[in-house]
Amino acid sequence: MCSPAKQFVLSNGVSIPAVGFGTYKATERDSAVLSAAIAQGYRHFDTASFYGNEAALGRAVAESGLPRDDFFLTSKLWKTEMGCDAALRAFDATLDRLGTDYLDLYLIHWPRPDLELEDWAALDLETWRALEALYQSGRVRAIGVSNFLPRHLEPLLASASVAPMVDQLEFHPGYIQEEAVAFCQAHGILVEAWSPLGRNRLAGHPLLSRLAEAHCVSPAQICLRFALQQGVLPLPKSSSPERMAENLDLFSFSLTEDEMAALRAMPQAGWSEEHPDRPRVRAQEVT
Ligand SMILES: NC(=O)c1ccc[n+]([C@@H]2O[C@H](COP(=O)([O-])OP(=O)(O)OC[C@H]3O[C@@H](n4cnc5c(N)ncnc54)[C@H](OP(=O)(O)O)[C@@H]3O)[C@@H](O)[C@H]2O)c1
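Residues numbered from 1 in each chain as written. Predicted model: local features only at pLDDT ≥ 70, side-chain atom pairs only at ≥ 80, totals over all residues.

A. Expanded view of the site of the ligand. Around the ligand lies a shell of 26 residues, among which Gly-22, Trp-194, Leu-197, Ala-220 and Ser-238 are the nearest. Sort the elements by how many residues they give to the shell around the ligand and helix H9 (residues 241-248) lands first, with three residues. When the residues that make up the shell around the ligand are grouped by side-chain class, the tally is seven nonpolar, 14 polar and five charged. (Near = placed C-beta within 6 Å. Helix = DSSP H or I, 4+ residues; strand = E, 2+ residues; numbered from the N terminus. Nonpolar A, V, L, I, M, F, W, Y, C, P; charged D, E, K, R; others polar.)

Structure follows, in structure tokens:
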């Protein structure tokens, strides 16, 4: 097997560090945890207007003393910021809060603002037009989507002049969204994994524990290495410097094809219960 590289390359040639730091619930106002992540070596950060921590991230980047272009900063526009004008305003506000004059990646957070909206495809396209304009003006280096399944991507791809470069999806052992990932990969769209560790819902899973023991690593490292070997970019969040470092230490071991197959075949586990087209329900997990 070829070892995954430490960067992925997007369809427009932009390089993106292969492990990003997830910031949801990492912090709101305080930038200390983000400064700790920078000190541990993270240069790729995933935020969103919804997370309320763009200003804290901007401060951590500024206080690092490192040049802006050492960082890869992603943000997302929220459900209430969809539509062309609203998206353009949301982008400006995000840049203001981050204290930067460009973004590396900007995503539409969810394909529909609510389940009642029937013509969500038209709203997605109108929003996408704003992202295309931002991309063409050079204010963002790459654009993409999040939580888009093939049925949401198809109408967008049919009308887009710039195809999405990224789709950020829930992805971890026990919830690998095979069809959506295969669709993205066939269309040159890099999949990023949100909740790549299953947000602790996979703790103690016997298969992960067995593989971790066999490779002398942690179950979290198994999840993250699994994503990388599937060609998926993981975005782990942690509040501890030790776990932050552990989550970057993924390149000194590799999973065999049998181990990968076992992880792919793992029955559903750790699902967040979130789905773009359904109300949140209690997960019927089989562990
Ligand atoms: N696009 C979307 O709709 C969407 C949705 C959800 C999340 N996201 C993005 O994806 C990122 C990651 O997802 P997530 O925050 O939901 O969950 P996650 O990264 O799967 O899991 C985070 C949890 O795992 C723990 N953890 C981290 N490293 C660990 C390790 N090495 N060993 C044991 N436990 C460890 C953390 O605890 P400690 O903090 O105590 O270390 C935290 O409780 C988010 O922060 C956000 O940027 C995007």
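B. Seen up close, the environment of Pro-241. In this fold, Pro-241 is placed in helix H9. Exposure remark for Pro-241: the 13 C-beta atoms within 10 Å place this residue in the partly exposed category. When the C-alpha atoms of Pro-241 and Val-33 are compared, they prove to be 8.4 Å apart, with 208 residues separating the residues in sequence. In this view, Pro-241 contacts Ala-36 and Gln-40; residues no more than four positions away in its chain are not counted. (Buried ≥ 20, exposed ≤ 12 C-beta atoms within 10 Å, placed from the backbone. Contact = placed C-beta atoms within 7 Å.)

C. Structural view of the sheet that holds strand E7 (residues 143-146). Taken in spatial order, the eight strands make up an open sheet running E3-E4-E5-E6-E7-E8-E9-E10, and their pairing is parallel. Looking at the sheet topology across the chains shown, the edges are occupied by strand E3 (21-22) and strand E10 (232-234). For strand E9 (residues 190-194) and E10, the ladder comprises three bridges, and the chain directions are parallel. Opposite Val-191, over in E10, you have Val-232 as the bridge partner. Against the sheet, helix H6 (residues 178-186) touches strand E8 (166-170), E9 and E10, its axis set at about 145 degrees to E9. (Pairing = 2+ DSSP bridges. Axes fitted to C-alpha atoms, helices over the stretch in contact; angles between N-to-C directions.)

D. Molecular detail of the pairing of E8. The buried fraction of E8 is high, at five of five residues. Where E7 lies against E8, three bridges are found, and the strand directions are parallel. In the strand pairing of E8, Ser-146 is matched with Gln-168. One crossover worth recording links E7 to the parallel E8 by way of helix H5 (residues 150-159), and it is right-handed. In this structure, E8 lies alongside E9, joined through five bridges in parallel fashion. Looking at E9, one finds that Asp-167 is bridged to Val-191. (Right-handed = clockwise from strand over helix to strand, strands pointing away.)

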